[in-house]
Amino acid sequence: MVPSEAWRGTSDAIKSSMDLPVDEWKSYLLQKWASLPTSVQVTISTAETLRDIFLHSSSLLQPEDELFLKRLSKGYLVGKDSDAPLFYREEGNKKFQEKDYTGAAVLYSKGVSHSRPNTEDMSLCHANRSAALFHLGQYETCLKDINRAQTHGYPERLQPKIMLRKAECLVALGRLQEASQTISDLERNFTATPALADVRPQTLQRNLHRLKMKVQEKDSLTESFPAALAKTLEDAVLREENEQLPSASSSIGLCVDPLKGRYLVATKDILPGELLVKEDAFVSVLNPGELPPPHHGLDSKWDTRVTNGDLYCHRCLKHTLATVPCDGCSYAKYCSQECLQQAWELYHRTECPLGGLLLTLGVFCHIALRLTLLVGFEDVRKIITKLCDKISNKDICLPESNNQVKTLNYGLGESEKNGNIVETPIPGCDINGKYENNYNAVFNLLPHTENHSPEHKFLCALCVSALCRQLEAASLQAIPTERCVNSSQLKAAVTPELCPDVTIWGVAMLRHMLQLQCNAQAMTTIQHTGSKGSIVTDSRQVRLATGIFPVISLLNHSCCPNTSVSFISTVATIRASQRIRKGQEILHCYGDWQKSATHLQRSLCVVEVRHGPSSVEMGHELFKLAQIFFNGFAVPEALSTIQKAEEVLSLHCGPWDDEIQELQKMKSCLLDLPPTPVGPAV
């Protein structure tokens, strides 16, 4: 078992090469670190506070460094391209003709994301997508796209096609009165202006007659949704409210120990399957998926590959084939206008012009920024001002005591002073001992500053510094006035020695970046794959996003966990996987990488005997083992296993296979690292 508050080296999530900056920027900064005078390295390495680390590092960020980063960021095409909608519409039409309606819908969505509002491009992409959604049986969503096409100026000559589709959807949904009205309107408009209809009169009349017959035959129909299980999980509620942990069941309590830190225990006997925690992510950022390489030539200008960003809402993470794009960029996409508006008001109006930079700097840096934007500058400033002097390389220390603290609920710890027992608040709790899903709890997650290597702290500090300078260059115009510093204060940030207010912002983001290394939670989903038309499908767990869950972060990790975690949208649920006795600790799976590697190596022997040394099953197991070695920084073992996994998987998969792409990214990352000892230091 590894305490959650102890240094774990990697996050409890599935690690991704996209957590940290892209390889080019990471290599650039590591080379910059290596070229620094020893005295400067020592100054940063021995800095006592995060503020000192940030200030010393940011003073070394030169204009040529920012120029290099800017060139990298421009390689990621996140702006609108007026030529892209036609390209994606034509590619979508090819998929449509092949009856690959899902693939067609995604490509039409890419066209939508590059289209400007109230243009023919926007209307045509929406109309084409509505056709794909109709064939997929997503009638409600199809109707929304038809309405969007008309809102954005769908050509009059094409109206009969889209109106027929609307009537078909209404009939399928059993909305017969609306269907009859739509048919009547279509007949009336066609009679009034027959020359405008871009459809043969005989075909239109035949389709209208067929629809009328359908209306007469059907009394009602409702669209069925295969998401009953997901709905059940969404509606899951905690049995009794926990006064100290609002996101947790009353069956568990918060405790503290001088050595172990904070942890959760059962306050009563818990049965298997019991819901223990239901917590919405305080902040989450969608994993961009396999991004295309930075654009350097016309032949690689547009990418037709499907990523998480094409299939899931960038705010609530719901799956959708009918994304609603940001008006300002082609990257951010949402499931509805409501999600788009909420994201814009909370954070995206600041993030929008920084899209390429955030993709370059990685998910952790993106989360660090979004955290501060969600909370607002004033609240960040208050907490930093109050605690900044106490944040050293030892972080925020728990009270020391000669006696180990026993199980203590209500957010209070005990220490002995002058022979008397005194109560001390647990970090993250309010004055009443309540531990809520709020910024105070997030801020008090430990960054373990002293355990990070000096070069890693330098890398994170320069990433945050570069981001701060971009924010001040934009004058933070997208952030509400009352939540940010004024422009006159920001002008001082142009100099290497940043002004105090920007320093506060930078220190907060640096702390969050370091916290994420051991407190980030991978938000996963199950994706199904298989040959088109085949009844045989495969499923795998994939990382959808990275989030911060203050309560779940309190759980310690064990190779023998007694809980399981699942995700619906941005909500995580923790359930008991076995009977848990009163007083037992609540544990979930992390898996020490060395023990995990040992178990997987044994599994490889079984797989090889059963399926053969060159089987695809062997390739998948080797891929898992490569991930474990990679996460444990076991460089020689990782490189060797990556090579074997590539050789086996290449026999069964193409070069663009997700696992092969991930193996290549891991190898590229490892080859840039200096040699790292695997065993304990002597």
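Residues numbered from 1 in each chain as written. Predicted model: local features only at pLDDT ≥ 70, side-chain atom pairs only at ≥ 80, totals over all residues. Heavy atoms only, no water.

A.B. asks: I would appreciate a short explanation of the sheet that holds strand 13 (residues 571–576) in the present structure.
C.D. replies: Pairing between the strands of a sheet is mediated by backbone hydrogen bonds and can be parallel or antiparallel. Taken together, the 3 strands give an open sheet; going across it, the order is 3-13-12, and neighbouring strands pair in antiparallel fashion. If you trace the sheet from one side to the other, it starts and ends with strand 3 (275–280) and strand 12 (563–568), each paired once. Between one strand and the next, the sheet's axes are offset by a mean angle of 15 degrees, whatever the strand orientation. In this sheet, strand 13 lies alongside strand 12 in antiparallel orientation, the contact comprising 6 bridges. Its bridge partner lying in strand 13, Ile568 is registered against Val571. (Pairing = 2+ DSSP bridges. Helix = DSSP H or I, 4+ residues; strand = E, 2+ residues; numbered from the N terminus. Axes fitted to C-alpha atoms, helices over the stretch in contact; angles between N-to-C directions.)

A.B. asks: I keep staring at the side chain of Lys110 and nothing clicks. Help me out?
C.D. replies: Turning to its location among the elements, Lys110 is positioned in helix 6 (residues 101–114). Look past the residues within four positions of Lys110 in its chain and what remains in contact with it is Tyr88, Asp303, Thr304, Arg305 and Asp310. (Contact = heavy atoms within 4.5 Å.)

A.B. asks: Teacher, can you tell me more about the packing of helix 5 (residues 84–97) against helix 6 here?
C.D. replies: Packed helices, taken two at a time, are described by the angle between their axes plus the distance between the axes. Orientation of helix 5 relative to helix 6, taken along the N-to-C sense of each, is 170 degrees, at an axis distance of 8 Å. If you check the angle between helix 5 and helix 6, you find them roughly antiparallel. Together, Ala84, Pro85, Tyr88, Arg89, Glu91, Gly92, Asn93, Lys95 and Phe96 of helix 5 and Tyr101, Gly103, Ala104, Leu107, Tyr108, Lys110, Gly111 and His114 of helix 6 make up the contact between the two elements. For the contact of helix 5 with helix 6, a count of residues per class yields 8 nonpolar, 5 polar and 4 charged. (Parallel < 35°, antiparallel > 145°, perpendicular 65-115°, else oblique. Nonpolar A, V, L, I, M, F, W, Y, C, P; charged D, E, K, R; others polar.)

A.B. asks: Would you take a moment to explain the packing of aromatic side chains for this structure?
C.D. replies: The geometry of an aromatic ring pair comes down to the distance between the two centres and the angle between the two planes. Under the counting rule described, the total for this entry stands at 10 aromatic pairs. Between Trp25 and Phe68 the ring centres are 6.3 Å apart and the planes differ by 25 degrees, which places this aromatic pair in the stacked class. One end of the pair, Trp25, is in helix 1 (residues 23–35); the other, Phe68, is in helix 4 (residues 63–74), and 43 residues separate them in sequence. Among the aromatic side chains, those forming a connected cluster through ring pairs are Trp25, Tyr28 and Phe68. Positioned above the aromatic ring of Tyr347, the side-chain terminus of Arg370 is 3.9 Å from the ring centre. Directly above the aromatic system of Phe443 lies the positively charged group of Arg511, at a separation of 4.5 Å from the ring centroid. (Phe/Tyr/Trp six-rings, centres within 6.5 Å; stacked < 30°, edge-to-face > 60°. Lys NZ or Arg CZ within 6 Å of the ring centre and 35° of its normal.)

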